Amino acid sequence: MIDHVSVGVRLLDEAARFYEAVLKPIGYSRLVSRPNSIGFGDRYAVFWINSRPEMPAVYENTGCHICLRAKGAESVDEFHRLALIHGGHDDGAPGVRHYSKASVYAGFIRDPDGNRIEVLTLLPQDSSNRG
């Protein structure tokens, strides 16, 4: 089981504002503030942003992404919508995706530093033929 994940950001305060807005629909808020890192979560910090002011933007084809769980499709849609409003970029519009043993409703964004973030919700098994 994974306890937490983190991404590097060039401008910590700006990234904090971005993530405060986009993580709200999935029930995450800022829980920890340190001089060089900020942690978000619902009960404890599971998603961290770490100050890396000299970091170049994340290269688009790194293959790395982080996926966070939402309670429903509406939360995925709202996460994606807010990310685009607050300076993120679309990297896969919300929709049904079929993985090996499950169907999910997921959306992908790139934050202003290029980090790829996915938010998904599991769909009931009888919806695996949709989309």
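Worth saying up front: this structure is predicted, and the values here are computed from it rather than measured.

## Quick notes on the overall build of the protein
If you tally the helices and strands in the protein, you get 2 helices and 8 strands. Along its sequence from the N terminus, the protein presents helices and strands in the succession β-α-β-β-β-β-α-β-β-β. Computed over its C-alpha atoms, the radius of gyration of the protein comes to 15 Å, within 12% of the 14 Å expected for a compact globule of 131 residues. Across its three principal directions, the C-alpha atoms of the protein cover 45 × 30 × 30 Å. Across the 131 residues of the protein, 45% fall into the buried class. For the protein, long-range pairs separated by at least 24 residues make up 54% of all intrachain contacts whose partners lie at least 6 apart in sequence. Of the charged side chains in the protein, 15 are positive and 16 negative, and the gap between their average positions amounts to 4 Å.

## Overview of the packing of aromatic side chains
The tally for this structure, following the rule as stated, stands at 3 aromatic pairs. Note on Phe18 and Tyr19: the rings are 5.0 Å apart at their centroids and 85° apart in plane angle, and the pair reads as edge-to-face. Residue classification places Phe18 among the buried residues on the basis of a relative accessible area of 2%. Judged by centre distance (6.3 Å) and plane angle (50°), the rings of Tyr19 and Phe40 are tilted. A residue pair is termed long-range when its members are at least 10 positions apart, and Tyr19 in helix 1 (residues 12-23) and Phe40 in strand 3 (residues 37-41) qualify at 21 residues. With relative accessibility at 0%, the residue Phe40 sits in the buried group.

## Some details on helix 2 (residues 73-85)
Residues spaced three or four apart along an α-helix face the same direction, because each turn holds 3.6 residues. The terminal C-alpha atoms of helix 2 lie 19 Å apart, and with 13 residues this matches the ideal 18 Å at 1.5 Å per residue to within 8%. Ser75, Val76, Phe79, His80, Leu82 and Ala83 are the residues of helix 2 that are buried. Here the buried residues of helix 2 occupy an arc of 170° about the axis, which is enough to place them on one side. The outward face of helix 2, more than 90 degrees from its buried face, is lined by the exposed residues Glu74 and Ile85. Elements that come into contact with the buried residues of helix 2 comprise helix 1, strand 6 (89-98), strand 7 (103-110) and strand 8 (116-122). Once helix 2 finishes, Gly87 follows within two positions and takes phi at roughly 105°, a positive value.

## Quick word on the sheet that holds strand 2 (residues 29-34)
The strand order across the open sheet formed by 4 strands is 1-4-3-2, and the pairing between neighbours is mixed. The sheet is open, and its two borders are formed by strand 1 (5-9) and strand 2, each paired with just one other strand. Taken over all neighbouring pairs, the strand axes of this sheet differ in orientation by 25° on average, direction set aside. In this sheet, strand 4 (residues 45-51) lies alongside strand 1 in parallel orientation, the contact comprising 5 bridges. Among the inter-strand pairings, Gly8 is bridged to a residue of strand 4, identified as Asn50. In the packing of helix 1 onto the sheet, the strands contacted are strand 1, strand 2, strand 3 and strand 4, and the crossing angle to strand 4 comes to about 155°.

Rules used in this analysis
Residues numbered from 1 in each chain as written. Predicted model: local features only at pLDDT ≥ 70, side-chain atom pairs only at ≥ 80, totals over all residues. Heavy atoms only, no water. Helix = DSSP H or I, 4+ residues; strand = E, 2+ residues; numbered from the N terminus. Rg over C-alpha atoms; globule rule 2.2 N^0.38 Å. Buried < 20%, exposed > 50% of the residue type's maximum accessible area, 1.4 Å probe, protein only. Contact = heavy atoms within 4.5 Å. Lys, Arg positive; Asp, Glu negative; His and termini not counted. Charge placed at Lys NZ, Arg CZ, Asp CG, Glu CD. Phe/Tyr/Trp six-rings, centres within 6.5 Å; stacked < 30°, edge-to-face > 60°. Expected span 1.5 Å × (residues − 1). Arc of directions from axis to C-beta. Pairing = 2+ DSSP bridges. Axes fitted to C-alpha atoms, helices over the stretch in contact; angles between N-to-C directions.

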